[in-house]
Amino acid sequence: MRYGVLGPVVVWTDTGEPVPVPGAKVRALLADLLRYAGRPVPPDRLVADLWGDDAPGNPLGALQAKVSQLRRALGDRSLVAYGPAGYRLVRSDGDLDADRFTAAVATARRTADPAGRAVRLAEALGLWRGEAYADVADEAFARAEIQRLTGARLAATEDLAEARLDLGEPVDLAEAVAAYPLRERLRELHMRALYRAGRAADALAGYAALRERLADELGTEPGPPLAALHRAILRQDPALDPPRPAGGRLPAPLTALVGRADAVRGLADRLGTDRLVTLTGPGGVGKTRLALAVAGAVHVPDGVWLVDLTDATGADVADAVAAALGVRDAGGEPLVDRLATALRDRHTLVVLDNCEHVLASAAACADRLLRAAPGLRILATGRAPLGIPGEVRHVVGPLPPLDAARLFADRAAAAGASVDPAGPAVTAVCARLDGVPLALELAATRVPALGVPELAARLDDRFRLLARQHGVPARHSSLRAMLDSSWDLLTGPDRALLRRLAVTAGGWTLPAAVRLGAGGEVHPADVPVLLAGLVDWSLVVAEPGGRYRMLESVAAYATDRLAESGDGPTARRAHEDWYVALAERADPLLRGADQRAWLAVLDAESPNLRAALGHAIGRGATGPAYRLVLALRWYWFLRGRLGEAYRWLTAALALPAADAGDARAAVGAARAVVAVLLGDGTDLLAPAERAVAAVPAGRERAHAEWFLAMAAIGAGDLSAGERRIERAAAWFGEAGDSWGTAAALTSRASQILPRGDLAGARRAADRAAALFGEIGDGWGLIRSGELLATLAEIGGDHARAADLRRGNLRHARELGLVIEEAYQLGGLGRLALLAGDLDQSARLHGEAMRLAAEQSHQRGVQFAEIGLGMTARRQGRYDDAERHLSRWLDWCRDLDGHPGTALILAELGFVAEQRGDPDTARARHTEGLTYARITGDPRAVALAYEGLAGAAVGTDPARAACLLGTAAAGRESVGAPLPPAERGDVDRTTAAALAALGPDAFAAAYERGRAHD
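The rules behind these values
- Residues numbered from 1 in each chain as written.
- Predicted model: local features only at pLDDT ≥ 70, side-chain atom pairs only at ≥ 80, totals over all residues.
- Heavy atoms only, no water.
- Pairing = 2+ DSSP bridges.
- Helix = DSSP H or I, 4+ residues; strand = E, 2+ residues; numbered from the N terminus.
- Axes fitted to C-alpha atoms, helices over the stretch in contact; angles between N-to-C directions.
- Contact = heavy atoms within 4.5 Å.
- Expected span 1.5 Å × (residues − 1).
- Buried < 20%, exposed > 50% of the residue type's maximum accessible area, 1.4 Å probe, protein only.
- Arc of directions from axis to C-beta.
- Parallel < 35°, antiparallel > 145°, perpendicular 65-115°, else oblique.
- Nonpolar A, V, L, I, M, F, W, Y, C, P; charged D, E, K, R; others polar.
- Right-handed = clockwise from strand over helix to strand, strands pointing away.
- Phe/Tyr/Trp six-rings, centres within 6.5 Å; stacked < 30°, edge-to-face > 60°.
- Lys NZ or Arg CZ within 6 Å of the ring centre and 35° of its normal.
- 1 Å grid on protein atoms, 1.4 Å probe; cavity = no way out; pocket = protein on both sides within 12 Å on 5 of 7 lines; lining within 4 Å.
- Points joined across faces, edges and corners; volume = space filled by probe spheres on them.
- pLDDT = per-residue confidence, 0-100.

Draft legend 1. Fine view of the sheet that holds strand β5 (residues 276–280). The five strands lie next to each other as β6-β7-β8-β5-β9, forming an open sheet whose pairing is parallel. The sheet is open, and its two edges are formed by β6 (304–308) and β9 (391–395), each paired on a single side. Direction aside, neighbouring strands of the sheet carry axes that sit 20° apart on average. Sheet analysis places strand β7 (residues 348–353) next to strand β8 (residues 376–382), joined by five bridges and oriented parallel. Within β8, the position partnered with V351 by the bridge is L379. Packed onto the sheet, helix α13 (residues 317–325) meets β6 and β7 and runs at close to 140° relative to β6.

Draft legend 2. Fine view of helix α40 (residues 838–854). Compared with an ideal rise of 1.5 Å per residue, which puts 17 residues at 24 Å, α40 spans 24 Å between its outermost C-alpha atoms and is within 8% of the ideal. Within the span of α40, buried status applies to L838, S841, L844, H845, A848, M849, L851 and A852. Seen along its axis, α40 keeps its buried residues to an arc of 165°; they face one direction. Packing partners of the buried residues in α40 comprise α39 (818–834) and α41 (858–874). Backbone geometry just downstream of α40 places S856 in the positive-phi region, at approximately 55°.

Draft legend 3. Structural view of the packing of helix α23 (residues 492–500) against helix α26 (residues 552–565). Where α23 meets α26, the axes come as close as 8 Å, and the angle between the chain directions of the two elements is 105°. Our classification of the angle between α23 and α26 gives roughly perpendicular. Contact residues: α23 offers L498, R499 and R500, while α26 offers A558, R561, L562 and S565. Grouping the constituent residues of the contact of α23 with α26 by class yields three nonpolar, one polar and three charged.

Draft legend 4. Quick peek at the pairing of β7. In terms of burial, β7 is a largely internal element, six of the six residues being buried. Here β7 shows two buried faces, one formed by T348, V350 and L352 and the other by L349, V351 and D353. Regarding topology, helix α15 (residues 359–372) serves as the crossover connection from β7 to the parallel β8, and that connection is right-handed.

Draft legend 5. View of the packing of aromatic side chains. Enumeration according to the criterion identifies 22 aromatic pairs in this entry. An angle of 85° between the planes, with centres 5.5 Å apart, marks the rings of F637 and F707 as edge-to-face. With F637 in helix α29 (residues 622–638) and F707 in helix α33 (residues 699–714), this residue pair connects regions lying 70 residues apart in the sequence. Each member of the pair, F637 as well as F707, carries the same accessibility label: buried. When the centroid spacing of 6.0 Å and the interplanar angle of 80° are considered together, the rings of W731 and F732 count as edge-to-face. By way of ring pairs, the aromatic residues W634, F637, W706, F707, W739, F772 and W779 are connected into one cluster. Here the basic side chain of R480 rests over the ring of F463, its NZ or CZ set 4.8 Å away from the ring centre. Over the aromatic face of W739 sits the side chain of R591, whose NZ or CZ is 5.3 Å from the ring centroid.

Draft legend 6. How the structure looks around empty space enclosed by the protein. As enumerated under the stated definition, the model contains four cavities of 30 Å³ or more in all. In this structure, the largest cavity spans a volume of roughly 160 Å³. Residue lining of the largest cavity: 14 residues in total, with R591, R633, H703, A704 and F707 positioned closest to the centre. Only α29, α31 (662–678) and α33 provide two or more residues apiece to the lining of the largest cavity. Sort the elements by how many residues they give to the lining of the largest cavity and α33 lands first, with six residues. Each residue belonging to the lining of the largest cavity can be placed in one class, and the counts come to eight nonpolar, one polar and five charged. Reported here for the second largest cavity is a volume of approximately 90 Å³. Around the second largest cavity, the lining is made up of 13 residues, and of these P282, G283, M482, L551 and V554 lie nearest the centre. Contributing elements (two or more residues each) for the lining of the second largest cavity: α22 (479–487) and α26. With three residues, the top contributor of residues to the lining of the second largest cavity is α22. Considering only residue class, the lining of the second largest cavity consists of nine nonpolar, three polar and one charged.

Draft legend 7. Broad picture of the confidence of the model for the protein. Averaged over all residues, the pLDDT of the protein is 88; the fraction at 70 or higher stands at 96%. Between the elements of the protein, mean pLDDT differs from a low of 75, seen in helix α43 (residues 889–896), to a high of 96, seen in strand β10 (residues 508–509).

Draft legend 8. Seen up close, helix α6 (residues 143–166). With 24 residues, α6 extends 35 Å between its outermost C-alpha atoms, agreeing within 8% with the 34 Å of an ideal straight helix rising 1.5 Å per residue. Within two residues after α6, G168 carries a phi angle of roughly 85°, on the positive side.

Draft legend 9. Representation of unusual backbone geometry. In this structure, D434 takes a positive phi of about 60° despite not being glycine. Assignment of secondary structure puts D434 in the loop between α17 (424–432) and α18 (437–444). Even without a glycine there, the phi angle at S538 is positive, about 65°. Note on placement: S538 falls in the loop between α25 (527–536) and β11 (541–543). The class of S538 is buried, set by a relative accessible area of 10%.

The structure is reproduced here in structure tokens:
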């Protein structure tokens, strides 16, 4: 997490996404913890800080509630730790903007070079978003910290003014002087700035006003430095004049450079060792602005010279350089040779700005001058590199989210609109505009008229919206003009490839580019070279892992050009064909050793696969749509995207069914099974049965049978599921399908385990694990490992169960199987519960619930929340336990079958018993016994008997002892006696019955129960 107090108190993730912290007191708590810099704060101190004399009746309870709310907002309980010394916010160095500001100012003050010092100070001050702790400024605890930070900000502002004055730059401090009229250093700097601006009279008047005010209010005179400056102004001391620049004067920036401090420092250092550095990047990304900042931070004996090539042609690059450096063309020898002679003995930096349209001439001129003048350094900018020996290319990328939001807010403020840089609409605008500074600045000018939400909603029409900026070069006057200037530099084949690649979504690979881009004037063999050229021209971004993408604005522009060309339908059909074939190739490889690699491929290509489905369904192409949804159904299941699967399968089935035949039956079966997995109704198994029965016999039918059986197990339908499994297993065996056989064995074990056939379940799970291990299928190893872990837990071998679950969790995380990760976390939470580590149990179940909810996986949420309810009961939080458990009772009755219902009723019965309500406890356990008997699992029946014993012990201890004996016999009948870690409820009831009956009577009643049939 990253935190901000230089303005309203805010929290961001490490990727720059804002984290809402609701509630004024919760934000005040966060602010209070932040000011202690990670040190523990006693609860009493926090209570005093938050409530003062108005503390609530239970102040520590109220504080705990606010801490809980803060932990939930941060999404990680461990970030607000509690120990003997109190609460503390767990932080890393540099995660607070105030700390970064302080460090940056300290670094700046150690920088001897005034240009470098000015850059660092400007970046440090750019971290401020308003007044420190702005939204908690009224809290007494914040006042000292606000005063300290405000003073540090003012001192840094003075340091920056001094550095800029040392550089000969104009400085305006009128507003700061008005706010702090008695601050003498600020007044001194203001007087120097006024004098240099030719306003000596105003400077002297300011001194007189200060002197009068000091005398009236403090009875003092201005200090010696200020008095000395006053005398120097009176005699017009030459030492007050601005320094004379050694080279050409760089244009003064009109706005602060945002988010490039590291780049400025790095590039300035780079120019100390490399003689040609070229800044490349898309139009509008800020190459010129960055180059000027770098040039201002570099000191060379003979100065820095800016050569703007915006209006140059290939023939007059040397003329532009000569004009900037003051070298005359005397005729005779070539001008570039005269430049070489003039620069031979000079140590200077030349900035060649905007080289893209004169690349060849700029490259030739730079090469000649660098070879002739060893003291020369060149900093070039352009949308492509010069391509000469010794060139170091630095790609200027878009701004990261936090900096993009800050730039947008700054420019919107300059336009007269107040914008919260952490707001979701600002985040959306910055993402849609790719963090490109020019696009953000153009968009910011629209905020006063439209507001940020409306602006974000209208970005689909970005080229019409982001236009008409005046006072800038034509190529920067609008977003379209910027892209037009890049388009004009391309060849015909470049343009054809760029517009055809616009049909992609989320990027593409080189093989995809060859397939999609070839045609007409683009030969397949030329695509790699053309694509590399588009990367050089900063129109395509090359990403790690061999993928490419366009910025959103470039893609929108290329899409418009594709529409103009009339080539859109052909390009979209090629895209559809390529991704249908890719999905069909991936489908079988998701069941084996290549599972991880192909999951990653399909993850990366998900936007393209959705686009291809959209293309096919949009044009009514039933065949390709069916092929694609059938190829993707297992991927969707593995990734837990059941809602997405259902939507696409439904959309495909809505297409005309002519000539669809067997494929339509397979699609219908897949949708019906996904509906069962989603639990999206009360009577889904019967329609799913009919849909699967419509699939012709063979591989597709066998997989459909197995898939439905697996889904039906989760829905509590065990008997019918067993028939499906047997049918599928028979086909898998005949076909030699090892994966199918292993999957069927896993499902068979899942069916017979709840009936108490532990030995049979163990044999099937062991065999499935061995087969999945031979195949190398990670998902299968997780599923078989889950069964083996459950069996180990039933047998009381909790160490082995934990090892198995941790291995499953590792597999799930390696494969990115979030739903499986949630189940394994929940399983580890159950083991923590049995070990008595209730805090760990609550944490693990809570994390499992969050992951399952993010995937919209109801059964995963249910499993985790039942665990939370079980944990809460053992912590004595009976209201919380009942809330967690009751939420799922009807859902289990309707959708999830009898085992889950029996468990929830048992837990609710124990809640009632421990509250002292035996009647409700008896009713809950009696109903639970009915469901337990339906499952056929002696362990579930035994749990109901144990609950009934607890309900009866207060009024009929003999019956309670008898029921305990019956429960024990039932567990032993399947070789699963109650392990010691799970005996809490039984031991409580046993102790009460023993106390009431005595040992002999208890033993007699217990044995009667054991003998009961």
